[in-house]
Protein chains: 2
Amino acid sequence: MSGLRERQKADRHRRIIDAATELFREAGYEGAKMEAIAAQAEVSIGTIYNYYQNKGDILGAIVSMEVNEVLNAGRGVVGSPPANVGDALDTLIGIYIEHSLNYLSKEMWRQAMAISTQLPDSPFGQAYTALDRALTEQIRALIQRLQEIGLVRADIDGPAVGELIFNNMNMMFIEFVKRDEAKIPELRAAIRRQNRILVWAIGL
Amino acid sequence: MSGLRERQKADRHRRIIDAATELFREAGYEGAKMEAIAAQAEVSIGTIYNYYQNKGDILGAIVSMEVNEVLNAGRGVVGSPPANVGDALDTLIGIYIEHSLNYLSKEMWRQAMAISTQLPDSPFGQAYTALDRALTEQIRALIQRLQEIGLVRADIDGPAVGELIFNNMNMMFIEFVKRDEAKIPELRAAIRRQNRILVWAIGL
DNA sequence: GAGAAAAGTTGAACCAATTCTAAAATTGAG
DNA sequence: CTCAATTTTAGAATTGGTTCAACTTTTCTC
């Protein structure tokens, strides 16, 4: 293993992702022509299609990195959550939202979301659904943790509440990336307001 | 007014929409080539672009009809809602969901949603956002009505709860159209389960 | 280390949406 | 009725993502 070919392969993967990331941010997803990505990555167009099924999958690879980082950051909160329900939720959601524009511009998010609904069975479509599910699971895990600690009533339907919170947050995030002028603090405040009723209902 | 030209214009609009609706359902959005739509509508490609900015806007016109019908149907429920909170919500949401596949196949919904996130500033993108807002308003109106009747506590944040319920339903609907094998009864049951906690929290 | 097989690369050709252009049809004014 | 303005039409040209058949490079075998 790890012969020349392996190394070249890994190197080309990296070059393509790097080139695409830069061009997507500079020129936007549509503005970044495959030809330009190929040129920047010093690779032919055909080669890109050997590594990714289509343009969307390149974006998909970038999105996956971003979301996995977010999931990782979230683990800390689930492990030792703030000592009241509202803050715990707000902290986890805050991590998701604050990290979200690290690598991806709003325009890239829009494209990624669009592709994932347009082609739910493509590699990226499936990966995106899996990432959504992972985020939902993390919120559910937080709620379960809060139940164990005794901050959340044991008799509520934790999984359903977790979905409810994730779905609402996700939809709010979609609206957020659709409007370039929307700001993160307003988004967080709106979600906090929506969650308030739930926090009140499930807290002890 | 209403000269030959006016009538021809209206007629062409209708022919284009009819042709597109049929072909979108038969061949899918991507499968329906502009050439085929033009031929079926007995119109040239150039003419279609004279009436709609792009292929997505044709789909947009169809979606608008569907959602407006749904909004209309919803008015009845808001006007005289069932006599308990859970049923009231379930009835309104049921109307939305049951009507949703009247004209539009799941594939058409996927495309419509994708386009609306991809191009939020296009005519269709803005129209779609407005439709979402109208649906949110209708749910809020229902909650307000229930507050007036005395079925929902007067001291809860009605608008926030309305958004929460709409956003969750919408996200569930998005997941529903992404999976061809997903069934309406399961969707409704899942949403009912998620709403249960809210119904319990806001009811008297 | 030579030759064959396997794996990967290349870019020209293809396809469908969109744009553009010039000709034809329709209308309203005089 | 006739002419100028406006709209519609047809279809050729453009564009950019994707495919594919021929070529290279790497690896394996002896």
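Reading the values: rules and limits
Residues numbered from 1 in each chain as written. Chains lettered and ligands numbered in written order. Predicted model: local features only at pLDDT ≥ 70, side-chain atom pairs only at ≥ 80, totals over all residues. Least-squares fit on C-alpha atoms with pLDDT ≥ 70 in both. Contact = placed C-beta atoms within 7 Å. Helix = DSSP H or I, 4+ residues; strand = E, 2+ residues; numbered from the N terminus. Nonpolar A, V, L, I, M, F, W, Y, C, P; charged D, E, K, R; others polar. Domains from an automatic or database assignment. Axes fitted to C-alpha atoms, helices over the stretch in contact; angles between N-to-C directions. Parallel < 35°, antiparallel > 145°, perpendicular 65-115°, else oblique. Left-handed = near helix turned anticlockwise from the far one by under 90°. pLDDT = per-residue confidence, 0-100.

## A few points about the relation of the copies chain A and chain B
Superposition of chain A onto chain B requires a rotation of 180° combined with a translation of 0.1 Å along the rotation axis, giving an RMSD of 0.1 Å. Viewed as a symmetry operation, the transformation between the two copies matches a two-fold axis. For chain A, the smallest separation between a C-alpha atom and the rotation axis is recorded for Ala 114 of chain A, amounting to 2.1 Å. The residues that chain A uses at the interface reappear at the interface of chain B in 100% of cases, marking a shared surface.

## Side note on the interface of chain A and chain B
Contacts between chain A and chain B engage 25 residues on the former and 25 residues on the latter. Mapped onto the side of chain A that touches chain B, the elements with two or more residues apiece are helix 6 (106-118), helix 8 (158-178) and helix 9 (184-202) of chain A. Considering each element in turn, the side of chain A that touches chain B owes the most residues, eleven residues, to helix 8 of chain A. Class assignment for the residues of the side of chain A that touches chain B results in twelve nonpolar, seven polar and six charged.

## Let's talk about the environment of Val 63 of chain B
All names here are of chain B. Along the chain, the position of Val 63 falls in helix 4 (residues 55-79). Separated by 21 residues in the primary sequence, Val 63 and Glu 42 place their C-alpha atoms 23 Å from one another. Setting aside residues up to four positions removed in sequence, Val 63 forms contacts with Leu 104, Ala 112 and Tyr 128.

## A word on the domain arrangement of chain A
All names here are of chain A. Per the domain assignment, the segments of chain A are domain 1 (1-51) and domain 2 (56-202). Here the C-alpha centroids of domain 1 and domain 2 sit 29 Å apart. Each partner contributes residues to the interface: domain 1 has eight residues there, and domain 2 has nine residues. Tallied by class, the residues present in the side of domain 1 that touches domain 2 amount to five nonpolar, two polar and one charged.

## As for the packing of helix 7 (residues 123-149) of chain A against helix 8 of chain A
All names here are of chain A. Between helix 7 and helix 8, whose axes approach to 8 Å, the crossing angle comes to 130°. Of the possible angle classes, the one that applies to helix 7 and helix 8 is oblique. Read as a crossing pair, helix 7 and helix 8 show a hand that is right-handed. Of helix 8, the residues touching helix 7 (which contributes Asp 132, Leu 135, Thr 136, Ile 139, Arg 140, Ile 143, Gln 144 and Gln 147) are Gly 158, Pro 159, Val 161, Gly 162, Glu 163, Ile 165, Phe 166 and Asn 170. By residue class, the composition of the contact of helix 7 with helix 8 is seven nonpolar, six polar and three charged.

## Here we look at the confidence of the model for chain A
Of the residues in chain A, 98% reach a pLDDT of 70 or more, and the chain-wide mean stands at 94. Predicted as a complex, the structure gets a pTM of 0.93 and an ipTM equal to 0.91.

## Details of the packing of helix 6 of chain A against helix 8 of chain A
Residues and elements named next belong to chain A. Between helix 6 and helix 8, whose axes approach to 8 Å, the crossing angle comes to 125°. The angle between helix 6 and helix 8 falls in the class oblique. You can see that helix 6 and helix 8 cross each other, and the crossing is left-handed. On helix 8, the residues that touch Lys 106, Trp 109, Arg 110 and Met 113 of helix 6 are Ile 174, Val 177 and Lys 178. Residues of the contact of helix 6 with helix 8, tallied by class, amount to four nonpolar, no polar and three charged.

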